[in-house]
Amino acid sequence: MHEAITAYYQKLLKTGFEHIGKIDNASIYLETFGEVSPVCGNTDDFLCLYIQVEGNLITDIKYQCISDPITNVSIEILCTLVKGKTLDEAAFIKEEAFSQFLGCEDEMLQEKAKFLLELLKGEIFRYKTQTA
Amino acid sequence: MDSKKSIEKYREDFPALKRQRNGKPPIYLDNACTTMVPRQVIDSIEEYYTDYPACSGTRSRHWFAQEVSERIEGNPGKGLKSPRQIIAEFINAGSEKEIIFTLNTTHALNMVALGFPFRSGDVVLLTDKEHNSNLLPWLKLQKEGRIKIDFTLPNDRDEFDLDAFERKMKNNRVRLVSMAYTSNITGYTIPAKEIIKIAHQYGALVLLDGAQAVPHQTIDVQSLDVDFLAFSLHKMCGPRGVGVLYGKKELLGQKPHEEDEADHVIAPVILGGATVANSTYHSYTLMLPPYRFEAGIQNYPAQIASGTAVQYLQQIGMDRIREHEAGLNHFLSEELMKRYGDTGWFRIVGPQDASQRGGILTFEVKRPNALGIAVELSEKSNIMIRDGVFCVHPYFNEKFGLQWTRPISHSEHRMVYRISCYFYNTMDECRIFLETLDEIFKERGYI
């Protein structure tokens, strides 16, 4: 792990993972698993994301997950970046925002960011279509 | 091969262990999954495909078929032993006819489960740590109403409880006891001889899943008096896709028609080429064992190479292998407990005494984001271990609760990792593992 990611992760361990939790009757709910979960040998990661939308504004975001540190860091950054934004603004967040947030370039972080942003954008699009 | 040379020198025979990535060699500690393959075994396989890639002489009669036959059936005049005979001697079977080649341990266990003449109400007794291979076949039979499953549980120290076992034998109509000889989670080896003696006193037969036992210790099926033993060659330096079912001669049948056999004899469940002596449009007569159980074209190169693998292990010596693994496990267990034993989030699964766990050391990490340590070990130092549930879902679901893979709170995250050693592993590899794990724990803020 890049030292900036390690430092941020260790800070989260001390101060707590701010966005962990659950929102009952969330406006947007998405859940994703790793490739396998768990198959005969492996146990892989999962993520449940809860987003509360009021009007066009994301007022709250929470998650539950089991993952490795870098994934957890990425989810925390995603939540921080998204909270308080409109749906359209959230849908325009780029992978680079994650690097800027931590002030480091890291290939793994980019991969996780890309994965999470694709998930988020898909769900925002679906929510907007359903509520239009 | 010099039998007196240091056991660690044997690693020179393994091409995969000479590879490098990022300037570092592999540190392979996933031997309970499958083992590395020595040059001698690779050469055996290559020789078949290069020189005589044909059927054996039981089907064809030409030059290549004769060469295959010599290696499959043996040719004492040329000093060639059949792999079946080599394996029979390795586990001290009474006859090579008691050795049935299968695809793997799972296949062998299923052959007994599906071929055994169970009567309604029969009970099959298992332990709480059976691999899915020794659970699902029985669950299926139970679902079909053909048997009932019962479990015998360990004592507080996670050791086999012979008294609890005997109570189960007394109070149930146990027809078959089917157990992992050595657990693939904890490495604990059950007291098989005592178990078999008790089971026989109550009229039950015993099937041992020897996948994690046969590659690591001397096995004597006659001394054990075990009725069936299943194991895989790929866990003992052999080729993939070959396993063995050992069965006592009187349990494998002798009659041409399976319906005429006694009620303790297993019937073949897959029939076809090579299993029958003759057939008409209306009936068939079976070959004698082991052939009635080996349907279709066999995996000749893998069977030949199985003999090579077993001879390779014999040259090293099974007692030396066991001692070496125990030494590594003792060192690793002691170091891990010294470093993390008091943290409250680290524990060794199974008996705490390393001498009871063979070459297996499984540990639990109960910390936020406990996932991914196996991947980091591989990325940092080419260390290969296993994580997950090791194909024993019920044990972890029971111990950790059904929702353990999806905990609500970060503090409830838990992950299990398994190190499994073999004779080619070294103390230096163990030290690198410990250093790398320490580095990961530090980076993650666990310590």
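Below, the structure is looked at part by part. (Residues numbered from 1 in each chain as written. Chains lettered and ligands numbered in written order. Predicted model: local features only at pLDDT ≥ 70, side-chain atom pairs only at ≥ 80, totals over all residues. Heavy atoms only, no water.)

A few words now on the overall build of chain B. Secondary structure summary: chain B contains 14 helices and 15 strands in total. Expected size for 447 residues packed as a compact globule is a radius of gyration near 22 Å; at 23 Å, chain B falls within 12% of this value. Across its three principal directions, the C-alpha atoms of chain B cover 70 × 55 × 35 Å. Residue burial in chain B is summarised as follows: out of 447 residues, 56% are buried. Across chain B, contacts joining residues at least 24 apart in sequence account for 72% of those joining residues at least 6 apart. In chain B, 53 side chains carry a positive charge and 57 a negative one; their mean positions are 2 Å apart. (Helix = DSSP H or I, 4+ residues; strand = E, 2+ residues; numbered from the N terminus. Rg over C-alpha atoms; globule rule 2.2 N^0.38 Å. Buried < 20%, exposed > 50% of the residue type's maximum accessible area, 1.4 Å probe, protein only. Contact = heavy atoms within 4.5 Å. Lys, Arg positive; Asp, Glu negative; His and termini not counted. Charge placed at Lys NZ, Arg CZ, Asp CG, Glu CD.)

Helix and strand content of chain A: 5 helices and 3 strands. Element order for chain A, N to C, with α for helix and β for strand: α-β-β-β-α-α-α-α. In terms of overall dimensions, chain A is globule-like: its C-alpha atoms have a radius of gyration of 15 Å, near the 14 Å expected for 132 residues. Each of the three principal axes of chain A carries a C-alpha extent, and together these read 40 × 40 × 25 Å. Burial statistics for chain A: of 132 residues in total, 48% are counted as buried. A separation of at least 24 residues holds for 59% of the contacts in chain A among residues at least 6 apart in sequence. Surface accessibility of chain A: about 6500 Å² in total, with carbon and sulfur atoms responsible for 50%. Mean positive and mean negative side-chain charge positions of chain A (12 and 21 charges, respectively) differ by 5 Å. (Areas by Shrake-Rupley, 256 points an atom, 1.4 Å probe, with all protein chains shown as cover.)

All names here are of chain B. Scanning the entire structure with this criterion turns up 31 aromatic pairs over all chains. Seen in terms of ring centroids, Trp345 and Phe441 are 5.1 Å apart; in terms of plane orientation they differ by 85 degrees. Their pairing is edge-to-face. Residue Trp345 is found in the loop between helix H11 (318–340) and strand E11 (346–348), and its partner Phe441 is found in helix H14 (residues 427–443); the two are separated by 96 residues along the sequence. Owing to a relative accessible area of 8%, Trp345 belongs among the buried residues under this scheme. Between the aromatic rings of Phe423 and Tyr424, the centroid separation amounts to 5.1 Å while the plane-to-plane angle is 65 degrees, which identifies the pairing as edge-to-face. (Phe/Tyr/Trp six-rings, centres within 6.5 Å; stacked < 30°, edge-to-face > 60°.)

Further remarks concern the side chain of B:Lys248. Residue and element names in this part refer to chain B. Among the structural elements, Lys248 can be located in the loop between strand E8 (243–247) and helix H9 (249–252). Classification of Lys248 as buried rests on a relative accessible area of 13%. Engagement of the side chain of Lys248 in a polar contact is seen with the side chain of Asp225, the distance being 2.8 Å. In this structure, Lys248 is in contact with Glu98, His200, Asp225, Val226 and Asp227, ignoring residues within four places of it in sequence. (Polar contact = N/O pair within 3.5 Å; in protein donor to acceptor, adjacent residues only side chain to side chain.)

So, about the nonpolar core. One broad rule of soluble globular proteins: the nonpolar side chains tend to lie buried together. Counting residues in hydrophobic clusters, the biggest one holds 69 residues, and the most contacted among them are B:Leu336, B:Phe363, B:Ile419 and B:Phe433. It is helix H2 (residues 69–82) of chain A that contributes the most residues to this core, 8 residues altogether. Beyond its immediate sequence surroundings of up to four residues, B:Phe433 is in contact with B:Leu29, B:Leu332, B:Leu336, B:Phe363, B:Leu377, B:Ile383, B:Ile385 and B:Ile419. If you look at the next biggest cluster of nonpolar residues, it comprises 57 residues, including B:Val177, B:Ile196, B:Leu233 and B:Tyr424. (Core = buried A, V, L, I, M, F, W, Y, C linked by side-chain atoms within 4.5 Å.)

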